[in-house]
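Residues per chain, in single letters:
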Amino acid sequence: MYGEVSPRRKSSLAIIHKANRVDQCTDNTAFTTHRKQQSNTKTSMNHIVPDQFLKNNEKKHKLYKDIKNLKLAYSEYYLMLVLLQKYQLLNFTGFIKILKKHDKLFQTTRGNEWRKLNIDTATFYTSTAVTELIQDVERIYIDELESGDRTRAMKRLRVPPLEEIQSTMVTFRLGIFIGMICILLPIVIILTVVLNKSQSGKALAWRDALHLYRSPLLIIFQIILAGINIYGWSSSGVNHILIFEIDPRNHLTYQQLLEIGTCLCVFWCISCIAFILTSYLDFYPFLQPLIFVILMIFFIINPAPIFYRPARYWLLRTLGLVFSAAFHRIHFADNWFCNQLTSIELAFFDLEYFFCFYFSNHQWWSTKLTSSSSPEHAFCTGWSRYLLQAFLLATPSLLRFTQCLRRYYDTKLKFPHLLNAGKYFASICVAITNSLRRGTIALNKSQGNNPKKNPFVYAWIIAALINSTFKIIWDIKMDWGLFHKNAGENRFLRDHIIYPSKNYYYYAMIQDVVFRYSWTINIFIQFHSGAAEYSDVIGLGFGLIELIRRFSWNFFRLENEHLNNCGRYRVIRDISIKPIGAGIDFTLVDSRLNKKFSLRSRRCQTITEEDNITTGDQAAMDDLENNIADFVQNQMSASRTSTILEVNVVHATPKHISSRKCHSLSSLDKYSDLTYVNKKNDRKMTILPS
């Protein structure tokens, strides 16, 4: 269910096996290697502290580490048992629903009789081994590992819900950072207007500063929008934890992600203010963007166990999987993350400007860096510069193109993977023709004055038009699963939707079309100001528009993956990870399923958690009934019903009627032939005895 076993889970299972082996041994050979590795340290420390203190300290440290690993192993084992228990309940519920549909369709009780003979005596129905194992794990964990503290033990054992309680300190820091942003952003704007010239009379180099600062700003803005995405998914019941295959117990909440984004935004504002002030004082202003970028890189690769190290390492690992997509199987997280990279193509484009600005002209560093550098060397001048820009601009699309080809290699499905690869090939063509257009204008003055004579302008327009149209259709139909033929009352949408209002979907479709074609503004700019779209404020504006479009895309892409498994990465369904405390009462499930239900909009509540844990028998039974009721309601919400307008039972065989056979699922009687008769506006069903 969670895809491949995570390294954490593998290590937990290894700990269990290792513990079993250690219990069977009569000596301490299992720890010999560890002691040899520490022998040198002990020898050097003997001269400083007493031997007895070292031995006691080592024993305490080893005992603490073993207990911590054992707790982790028990937690993972407990989660596996809960999932197996819910799978047992899901199987029983499936048989009940199938046989009840059978009895309702054929107007018989043979399905119920077959259930009593076969299902009620099946092992998965009668076995209570899983429930007993869950109770044993809870008892051992409470008594042996948490000294009888049931509340603390169950808090560690059970996985938190999607809408988990936020840390008060994280909320406090988030509020502080938001308040600082509200103060610092106006200061940046005011200083830009007031201090537009230095003391020596030089104008503020705001164009160069914008090139150096806009890419970090886009990345920060994307982090903040991702935090809002997580809030929307968790509050609506989209199981992003399961889809991304992240640790359900240890992951970033939406407030923690917003905290990271707002914190970086505060430092971005401070760096901008420092740039303006040092420009006014003529004292190394262009060091400020470089320092800020170095701090961002250090924040990500920092090996210290601070600033959410597991999340940062997950990011780096996923980034490595994206760039090595050709050599391994693609998972949903790799696909989704690479899609996010395609929305910050401007950041890849600015890499060429950043490195050429700082590292191509070494003589520039001997000055006080008060003026812009003059790029030199091969990749910073002439046609090689524009070809490098084309490659960097096409890099995200090239990575997605490689992922699509790898998906085709793994699945052997031409549709949709090869067609999706064609979409990203069109994006690569847009990047190439755009760079050729800009390079021709910049290096050929005759065509720069008359862009209508530039053939690459028309090639770029055609490629961009095909690419935008292709992506709009793919976004709405494939990624979001809208315009489904069986949408029913959800017109132009799909049969199941999670978000409460249909207007969200209609607005997202209109927004996607408008933002995808926003590049057409460049056509008018092209014939008036040359290649200005990737400089100054216009390029930043297009980058922000693309991030807002991707922000909306994320909501409906994960919703479609949650409901329909459209990417075929795994099966995503409503399996809760809340254990059933007193076992499974199948009689109660059967009685719940006997109630009449109707089709309604599906609003998934995938992961739930009890607030208070009680130990009394009556409380346990009430908790059991609530669990069963929630689970059955989720299952009934996911089902669909159909209506037969008129049913006529006749005993004579009709003539000149095309018939279709359907067979009973029961083995207790002979099969029946089911013939549908369509006359004008009436739909009749005739059941013929065999």
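Here, residues in each chain are numbered from 1, in the same order as that chain's written sequence. Local features in this predicted model are restricted to residues of pLDDT 70 or higher, and side-chain atom pairs are both shown and tallied only at a pLDDT of 80 or more, whereas totals for entire chains, interfaces and linings draw on every residue. Computation of side-chain values: all heavy atoms of the structure, hydrogens and water removed.

*Asks:* Is there a simple way to explain the overall build of the protein in this structure?
*Replies:* Labels follow the DSSP assignment, with helices taken as runs of H or I lasting at least four residues and strands as runs of E lasting at least two, numbered in each case from the N terminus. Looking only at helices and strands, the protein has 25 helices and three strands in total. The classification of residues rests on relative accessible area computed with a 1.4 Å probe and restricted to protein chains. Under 20% of the type maximum is buried, over 50% is exposed, and intermediate values are partly exposed. Across the 690 residues that make up the protein, the buried fraction comes to 44%. Across the protein, every contact between residues at least 6 apart in sequence was considered, and the portion connecting residues at least 24 apart equals 74%. Throughout, a residue-residue contact means that at least one pair of heavy atoms, one from each residue, lies within 4.5 Å.

*Asks:* Explain the packing of aromatic side chains to me, please; I cannot follow it from the model alone.
*Replies:* One pair of aromatic rings is described through two measures. These are the centre distance and the angle between the planes. Note on aromatic contacts: the rings of Phe and Tyr and the six-membered ring of Trp form a pair at centre separations within 6.5 Å, being stacked when their planes are under 30 degrees apart, edge-to-face when over 60 apart, and tilted otherwise. Evaluated as defined, the whole model comprises 36 aromatic pairs. When the ring of phenylalanine 401 is compared with that of phenylalanine 425, the centres are 6.4 Å apart and the planes differ by 45°; the resulting orientation is tilted. Of this pair, phenylalanine 401 sits in helix α17 (residues 382-411) while phenylalanine 425 sits in helix α18 (residues 414-443), and the two are 24 residues apart along the sequence. A centroid spacing of 5.7 Å and a plane angle of 85° characterise the contact between tyrosine 499 and phenylalanine 556, whose relative ring orientation is edge-to-face. Note that tyrosine 499 is positioned in the loop between α20 (455-479) and α21 (502-516) and phenylalanine 556 in helix α23 (residues 536-564), a separation of 57 residues in sequence. You'll find tyrosine 499 and phenylalanine 556 in the same group, each marked buried. Definition used: whenever NZ (Lys) or CZ (Arg) falls within 6 Å of the ring centre and also within 35 degrees of the ring normal, the charge is taken to sit over that ring. In this arrangement the basic side chain of arginine 437 is found over the ring face of tryptophan 460, its NZ or CZ atom lying 4.2 Å from the centre. Taking NZ or CZ as reference, arginine 550 lies 4.5 Å from the ring centre of tryptophan 553, over its face.

*Asks:* Sorry, what's going on with the confidence of the model for the protein here?
*Replies:* Per residue, pLDDT measures the predictor's confidence, with a range of 0 to 100. Here the protein averages 78 in pLDDT, and 70% of its residues register 70 or above. This stretch, residues 1-49, has a pLDDT under 50; its non-local contacts, to residues over four places away or in other chains, come to 38 contacts. Confidence drops under pLDDT 50 across residues 635-690; counting only partners more than four residues distant or on other chains, this segment forms 91 contacts.

*Asks:* Looking at this structure, I do not really get the pattern of salt bridges. What am I missing?
*Replies:* For this document, the term salt bridge refers to a Lys or Arg side-chain nitrogen within 4 Å of an Asp or Glu carboxyl oxygen. Inspection of every chain in the model, using the stated rule, returns 16 salt bridges. A salt bridge links arginine 494 to glutamate 559; its shortest N-O distance comes to 3.0 Å. One end of the pair, arginine 494, is in the loop between α20 and α21; the other, glutamate 559, is in helix α23, and 65 residues separate them in sequence. In this pair, the class of arginine 494 matches that of glutamate 559, namely buried. We note a salt bridge from arginine 549 to aspartate 512, for which the minimum N-O separation is 3.2 Å. One end of the pair, arginine 549, is in helix α23; the other, aspartate 512, is in helix α21, with 37 residues separating them in the sequence. Bridged by salt links that share partners, the residues Asp475, Asp512, Arg516, Glu546, Arg549 and Arg550 form one connected network.

*Asks:* Got a minute to help me understand the nonpolar core in this structure?
*Replies:* Across soluble globular proteins, nonpolar side chains show a tendency to be buried alongside one another. Residues belong to one nonpolar core when they are buried, are Ala, Val, Leu, Ile, Met, Phe, Trp, Tyr or Cys, and are joined through side-chain atoms within 4.5 Å. In terms of nonpolar packing, the biggest core is built from 87 residues, with Trp233 and Phe286 touching the most fellow members. Among all residues touching phenylalanine 286, those that are not within four sequence positions of it are Ala205, Asp208, Leu212, Phe275, Phe357, Tyr358, Trp364, Leu369, Thr370, Ser371 and Ser372.

*Asks:* So what exactly am I meant to see when it comes to the packing of helix α9 (residues 168-194) against helix α12 (residues 254-281) here?
*Replies:* Packed helices, taken two at a time, are described by the angle their axes make and the gap between the axes. Only the stretch in contact is used when fitting a helix axis, every axis being a line fitted to C-alpha atoms; angles between N-to-C directions are given from 0 to 180 degrees. Where α9 meets α12, the axes come as close as 8 Å, and the angle between the chain directions of the two elements is 25°. As judged from the angle between their axes, α9 and α12 are roughly parallel. Judged by the sense of rotation from one axis to the other, the crossing of α9 with α12 is left-handed. Classification used: nonpolar for Ala, Val, Leu, Ile, Met, Phe, Trp, Tyr, Cys and Pro, charged for Asp, Glu, Lys and Arg, polar for all others including Gly. Taken together, the residues that form the contact of α9 with α12 break down as 22 nonpolar, five polar and two charged. Small angles under 35 degrees read as roughly parallel and large ones over 145 as roughly antiparallel, with 65 to 115 read as roughly perpendicular and the rest as oblique. If you view the pair so one helix is near and one far, a crossing is left-handed when the near helix is turned anticlockwise from the far one by less than a right angle, and right-handed when it is turned clockwise.

*Asks:* I tried to follow unusual backbone geometry on my own but got confused; where do I start?
*Replies:* What you tend to see is this: most non-glycine residues have negative phi, and most peptide bonds are trans. In the segment running from phenylalanine 415 into proline 416, the intervening peptide bond is cis, with an omega of 10°. Note that proline 416 resides in helix α18. Unlike most non-glycine residues, aspartate 282 shows phi in positive territory, near 55°. With respect to the helices, strands and loops of the structure, aspartate 282 is situated in the loop between α12 and α13 (287-301). Look at aspartate 282 and you get buried, because its relative accessible area is 17%.

*Asks:* How should I be thinking about the state of the cysteines in this particular structure?
*Replies:* Such a bond, covalent and formed between the sulfur atoms of two cysteines, is termed a disulfide. Any two cysteine sulfur atoms within 2.5 Å of one another count as a disulfide. One pass over the full model with this rule turns up one disulfide. Covalent S-S linkage joins cysteine 356 and cysteine 380, the inter-sulfur distance amounting to 2.0 Å. On the sign convention where negative is left-handed, the bridge of cysteine 356 and cysteine 380, at about -85° about the S-S bond, is left-handed. Of the two residues, cysteine 356 sits in helix α16 (residues 345-359) while cysteine 380 sits in the loop between α16 and α17, which places them 24 residues apart along the sequence. Cysteine 265 carries a free sulfur, and the closest cysteine sulfur to it, the one in cysteine 269, is 4.5 Å from it. Classification of cysteine 265 as buried rests on a relative accessible area of 9%. Free cysteine: cysteine 338, not disulfide-bonded; nearest cysteine sulfur from cysteine 404 at 8.7 Å.

*Asks:* Would you mind showing me how to read the packing of α17 against α18 here?
*Replies:* In the contact formed by α17 and α18, the axes pass within 8 Å of each other and the chain directions differ by 180°. Considering the angle they form, α17 stands roughly antiparallel to α18. The residue makeup of the contact of α17 with α18, split by class, is 20 nonpolar, 11 polar and four charged.

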